[in-house]
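Architecture and fold: a report
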Amino acid sequence: MHKLWASTYKEILLLTRDLGGLAVLFLMPLLLVITITTIQDSTFKTLETSKIPILLIDKDEGTVSESILANLDASDLFEVVKGTDEEKAQEHVQKGLYQLAIVIPQDLSKDLAQKVAENVENILSRFGMEEENIPLVRSKYKPKEVRLYFDPATQQSFKSSVRSNIDQMISKIESETIYKAFQEQLTDDESEVIFDTQHFITFREIDPSNNQKPVVPNSTQHNIPAWTLFAIFFIILPLGINMVNEKNQGTFVRLRTQPVPYATVLGGKTIVFLSVALVQFALMLLVGLYLFPLIGLPKLEIANKLPLLFVVAFFAGLAAVGLGLLLGTIAKTQEQSAPFAATFVVILAAIGGVWVPVFAMPKFMQTVSNLSPMNWGLNAFYDVFLRNVGFSDIIPELALLGGFFIVTTLIAIYYYARKNAV
Amino acid sequence: MIQINQLSKKYKGATDYSVYNLDLTVEEGEIFGLLGPNGAGKTTLISMLCSLLKPSSGSFTINGLDYHSHKNQLKRLIGIVPQEYALYPTLTAFENLTYFGSMYGLKGKSLRDTIQKQLEILGLTDFAQKKTKTFSGGMKRRLNLISGILHRPKVLFLDEPTVGVDVQSRTVIIDHLRKLNTDGTTIVYTSHHLNEAEQFCTRVAIIDHGIIICQGRPSELIANQHEIRHLEDLFLKLTGKAMRDHA
């Protein structure tokens, strides 16, 4: 025990003597979480408050294009700029002046109305007649296409969202036109209500946690856990450097000649670097609670989840430290440990779902993601932060994180023993 | 005290043995000098005796104990002063010594007193609270020595303990080693300072290409050779004047 305490104290001294390194260790993750949350939050706000300029080339100039224009205006997402030349519109979008150009084809309203009328007439003419007597009438109207030109730099998610909105809009216009055609065929009185044109199927978003006071997920609720975890795992970088330094300074050689188990040496490092991870986590929470509201970002809602959050941070920290101990044991030089640690953490974050949600990954990557300790940690954090679960629900993730620490540390001890077997 | 039997070491990928079938006995209370040109096998031999390197073959015992069955006992018995400084540069001298002393199980007042005493003997008391990165080469050598003797080892291995230090530091180090030896510590040391070894060692072995080419008391070795007046003359006669550069 005395040797473990001495090792811990030595690690504390080494860490506190490098004030620059300590500042980087604590400040950089804070800077990271503030930057990312600010960017994401302002992106949401931009979408909510400012409109995206789009070009509309209206070759139709009929009821359909009027309806599309009215819907676009009503969406509050777009600022519609009218143009006349499709080629110029294409050029503007290609240059990035507009993110999107919509070209409504000529005679769309007229042809749609006639096509629908033709169909309605066909349907009505069948009433009371034997099917075999009715010849199939081929429509003379060819399908029309609304052309969309997207800026090549536009993200796929934005494209999908716009495509889906326009598709919905067109479907709605088509339905209305069909209703209108039936109305015209069945009555001469335009004011007579024959159909209830209200949507029969609607949807409503319900909080699955069935909580009395559900937490509304915002950029802070998502970013604090994700980037805190990222910062916690970044601890493998200074830990790896710390261990390689000991090898280079010759102090490690002296330790090998002393009657002290390698596990004790690692124990001292574990205690100190795990404490660093927990302090990092506490700072992140403080930033989310007190600094974010001051700079106009959503406040972090932790309610009475603090103990559970620290439990998750503790186990995530353990997993990160275990990885750092293994890396520090194997690496011989800073050139090996530092770039590997930095890159590996980014990879773990990527496959762990810090940037792209796991469900949005390809099947294979989803399987790989299950092997990432950052994924276990992130799930546990989201469970507590957003799904409001209890301790028993996060036990599987905690067990995985704790198991990861044990396995990596045992491998480190085994590797050390084999490498230094005499 | 130290019994070495047919000890050999061949590094992975090397064509020659660094130490080959070496037999040697070091008696309790001796100051034994391992002398030899660069690459002769001195550091390899000491590293094996300190359990830092695995021998390719052969065996050794220290105080009747072998490494395989008495690892921790042996580690408490021996002290090592490596050729490279084994110190934490951002810790003070006192903090370095406290840590290394603790790893031998020393603690409390007795550890603090031992550190103060050793710092005083080696002239470092005024620098106890200074970070070792500010120390000169001589000061680091002396601190390196203290780190290896805090637990009063029965056997002390020193790999070139006076390399790169001024005459003053060297004198203090050698005097202190003599005192330790008088107090019962057996010393095995390597050096390129042959005059120092001639004065300091009770017995020496000249080692080259991994084998011992002569051993005995310095005065006897010199006396047995015609026209040899110093250990250095004997050394050159036995090992030649050719450079021993190796990479």
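These notes cover the structure that comes with them. The shown structure was predicted, so the numbers you read here are calculated from the model rather than taken from an experiment.

About the cut-offs
Residues numbered from 1 in each chain as written. Chains lettered and ligands numbered in written order. Predicted model: local features only at pLDDT ≥ 70, side-chain atom pairs only at ≥ 80, totals over all residues. Pairing = 2+ DSSP bridges. Helix = DSSP H or I, 4+ residues; strand = E, 2+ residues; numbered from the N terminus. Axes fitted to C-alpha atoms, helices over the stretch in contact; angles between N-to-C directions. Contact = placed C-beta atoms within 7 Å. Nonpolar A, V, L, I, M, F, W, Y, C, P; charged D, E, K, R; others polar. Buried ≥ 20, exposed ≤ 12 C-beta atoms within 10 Å, placed from the backbone.

**Thoughts on the sheet that holds strand S2 (residues 78–83) of chain A**
Residues and elements named next belong to chain A. Reading across from one edge, S2-S1-S3-S4 is the order of the four strands in this open sheet, with mixed pairing throughout. Strands at the two margins of the open sheet, each flanked by one partner only, are S2 and strand S4 (147–150). Ignoring which end each strand starts from, the neighbouring axes of this sheet average 25° apart. Bridging between strand S3 (residues 100–104) and S4 involves four bridges; their strand directions are antiparallel. Bridge pairing in S4 places Val-103 opposite Arg-147. Taken strand by strand, helix H3 (residues 63–75) contacts strand S1 (52–58), S2 and S3, and its axis lies near 145° from that of S2.

**Describing the interface of chain B and chain A**
With 27 residues of chain B at the interface, the matching set in chain A holds 21 residues. Of all elements in the fold, only helix H2 (71–77) and helix H3 (93–103) of chain B reach the threshold of two or more residues within the side of chain B that touches chain A. Per-element tally for the side of chain B that touches chain A: the top contributor is H3(B), with five residues. Each residue belonging to the side of chain B that touches chain A can be placed in one class, and the counts come to 16 nonpolar, five polar and six charged.

**Focus: unusual backbone geometry**
Residue and element names in this part refer to chain B. At Asn-21, a residue that is not glycine, the phi angle is positive and equals roughly 45°. By C-beta crowding, Asn-21 is classed as partly exposed, having 14 other C-beta atoms within 10 Å. Of note, Glu-160 is a non-glycine position whose phi angle comes to about 50°, a positive value. Turning to its location among the elements, Glu-160 is positioned in the loop between strand S6 (155–159) and helix H6 (167–182).

**Quick notes on the environment of B:Met139**
Residue and element names in this part refer to chain B. Locating Met-139 in the fold gives a position in helix H5 (residues 137–149). For the pair Met-139 and Gly-123, spaced 16 residues apart in sequence, the C-alpha to C-alpha distance is 8.6 Å. With residues up to four places along the chain from it excluded, the contact list for Met-139 reads Leu-124 and Phe-127.

**Side note on the sheet that holds strand S2 (residues 19–26) of chain B**
All names here are of chain B. Within the open sheet, the three strands sit side by side as S2-S1-S4. Their pairing is antiparallel. The sheet is open, and its two edges are formed by S2 and strand S4 (57–62), each paired on a single side. Averaged over all pairs of adjacent strands, the angle between their axes in this sheet comes to 15°, without regard to strand direction. Its contacts with the sheet place helix H1 (residues 42–49) against strand S1 (2–9), S2 and S4, and it is angled at close to 120° to S1.

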